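Structural overview for review
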Amino acid sequence: MLQQRTLKSLTKAVGVGLHSGQRVELTLRPAAPDTGIVFRRVDLPQPVDIPISAQAVTDTRLASTISSGGAKVHTVEHLMSACAGLGIDNLYVDITAEEVPILDGSASSFVFLLQSAGIALQAAPKRFIRVLKPVEVREGQGASEKWARLTPYNGYKLGFEIDFDHPAVDSTGQRVEFDMGSGSYSRDIARARTFGFTKDVEMMRANGLALGGGLDNAIVMDDYKVLNTDGLRYNDEFVKHKILDAMGDLHLLGKPLLAAYSAFRSGHALNNKLLRELLSHSDAYEVVTFEDEEKAPQGFAQLARAW
Ligand SMILES: [Zn+2]
């Protein structure tokens, strides 16, 4: 049987929120089979649980925010991406503020944390959502056109294309495809950092956003070039970060997908709309488990070996 996964032990991290600039403590704890991933605001007088789901996403401006009963957690996508990449099904995320720490702006710190805690296999079958029919969402026309789509695929792969008219981005790959069956999430995707432009950062700061952002947790560009002295981690780091984000946004579904995702200039809002579109067509998907691990699509059984 292909089993559900959680952590072997708890692990903690301290950092700042990208937008709030607030110091925040994060504790990742093992959770029982079929718990799913549950954020818990432990700083509130009465702790509030926020289980992830497509419907829990209530704001997608700049980052993915989930809420429940008036409590919120912003910027969940990089941690969710690491959980998707390592196949984590069940996890408690205790958090002492409204925003997940940005750490180095990628998912690699979360991958490191999860792997150091150790991954435990659980006595319950891992449940996937298998896409049976194509679903698509679109927005805008011409230069502002964007779309995202899920189609049936025996595995999980993502293709993304960006279209940034900027000298520092033009010279890099603007399209990338990543397949869980043949690629390595930690090596190929997890290290890609978020990025921003100085002129947007100045505007965001004036509006009380990006207060925790800087060269140590983002790729920052002026009108011409990348300002980080160390340069890029991948020559196509920008579009790889969009794949990282999409994996995080899609993991909010609550179960891993068996599908091919493809997108053009998509973002947090459209990714969430795509999940809701899928869920609104009950004939477009089914929940499956694999009694025989050998029959599971490549990249899931061997994924992040439990040790
Ligand atoms: Zn991101």
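Conventions and cut-offs
- Residues numbered from 1 in each chain as written.
- Predicted model: local features only at pLDDT ≥ 70, side-chain atom pairs only at ≥ 80, totals over all residues.
- Heavy atoms only, no water.
- Helix = DSSP H or I, 4+ residues; strand = E, 2+ residues; numbered from the N terminus.
- Buried < 20%, exposed > 50% of the residue type's maximum accessible area, 1.4 Å probe, protein only.
- Donors = N, O, S within 2.8 Å, 3.2 Å for Na, K, Ca; no water.
- Tetrahedral: all angles 85-135°; square planar, octahedral: opposite > 155°, others 65-115°.
- Pairing = 2+ DSSP bridges.
- Axes fitted to C-alpha atoms, helices over the stretch in contact; angles between N-to-C directions.
- 1 Å grid on protein atoms, 1.4 Å probe; cavity = no way out; pocket = protein on both sides within 12 Å on 5 of 7 lines; lining within 4 Å.
- Points joined across faces, edges and corners; volume = space filled by probe spheres on them.
- Nonpolar A, V, L, I, M, F, W, Y, C, P; charged D, E, K, R; others polar.
- Contact = heavy atoms within 4.5 Å.
- Salt bridge = Lys/Arg side-chain N within 4 Å of Asp/Glu carboxyl O.

Structural notes on the environment of Leu44
Among the structural elements, Leu44 can be located in the loop between strand E4 (37-41) and strand E5 (48-51). Assessed through its relative accessible area of 24%, Leu44 is described here as partly exposed.

Some points on the coordination of the zinc ion
For the zinc ion, every protein donor is listed as His78 (NE2), His241 (NE2), Asp245 (OD) and Asp245 (OD), and the spread of their distances is 2.1 to 2.7 Å. Here the zinc ion is ringed by 4 donor atoms whose angles at the metal span 53 to 148 degrees, and the overall shape comes out irregular. Within one chain, the residues serving as donors to the zinc ion are arranged as H-x162-H-x3-D. Residue His241 and its partner Asp245 are located together in helix H6 (residues 237-251), separated by 4 residues, close to a single helical turn. Each member of the pair, His241 together with Asp245, is buried.

Considerations on the sheet that holds strand E6 (residues 57-59)
Through backbone hydrogen bonds, the strands of a sheet pair up, either in parallel or in antiparallel fashion. Taken together, the 3 strands give an open sheet; going across it, the order is E6-E7-E8, and neighbouring strands pair in antiparallel fashion. Both outer strands of the open sheet, E6 and strand E8 (71-73), are each paired with one neighbouring strand and no more. On average, each strand axis in the sheet is tilted by 45 degrees relative to the strand beside it, whichever way the strands run.

A look at empty space enclosed by the protein
If you walk through the whole model with that rule in mind, you get 2 cavities of 30 Å³ or more. When its volume is computed, the largest cavity comes out at roughly 110 Å³. Around the largest cavity, the lining is made up of 13 residues, and of these Ala84, Tyr156, His251, Pro256 and Leu257 lie nearest the centre. With 3 residues, the single largest contributor to the lining of the largest cavity is H6. Across the lining of the largest cavity, the residue classes break down as 9 nonpolar, 2 polar and 2 charged. Taken as a whole, the second largest cavity spans an internal volume of roughly 40 Å³. Taken together, Ile37, Ile52, Ile88, Asp89, His251, Gly254, Lys255 and Pro256 form the lining of the second largest cavity.

Comments concerning the sheet that holds strand E3 (residues 23-30)
The 5 strands are arranged E2-E3-E9-E4-E5 in an open sheet whose pairing can be described as mixed. Taken across any chain shown, the strands that pair with only one partner, and hence form the sheet edges, are strand E2 (11-16) and E5. With direction set aside, neighbouring strand axes in the sheet form an average angle of 20 degrees. Sheet topology note: the E4/strand E9 (residues 91-95) ladder contains 5 bridges and is parallel. Across the sheet, residue Ile37 finds its bridge partner in E9, namely Leu91. Contacting E3, E4 and E9, helix H1 (residues 77-86) crosses the sheet at an angle of about 150 degrees to E4.

Looking at the pattern of salt bridges
The tally for this structure, following the rule as stated, stands at 21 salt bridges. Notably, a salt bridge pairs Arg149 with Glu136, separated by 2.8 Å at the nearest N-O pair. In this pair, Arg149 sits in strand E13 (residues 146-151) while Glu136 sits in strand E12 (residues 135-139), placing the two residues 13 residues apart along the sequence. Arg149 sits in the partly exposed class, given a relative accessible area of 24%. Residue classification places Glu136 among the partly exposed residues on the basis of a relative accessible area of 33%.

Everything listed here is a matter of geometry and, on its own, says nothing about what the molecule does.
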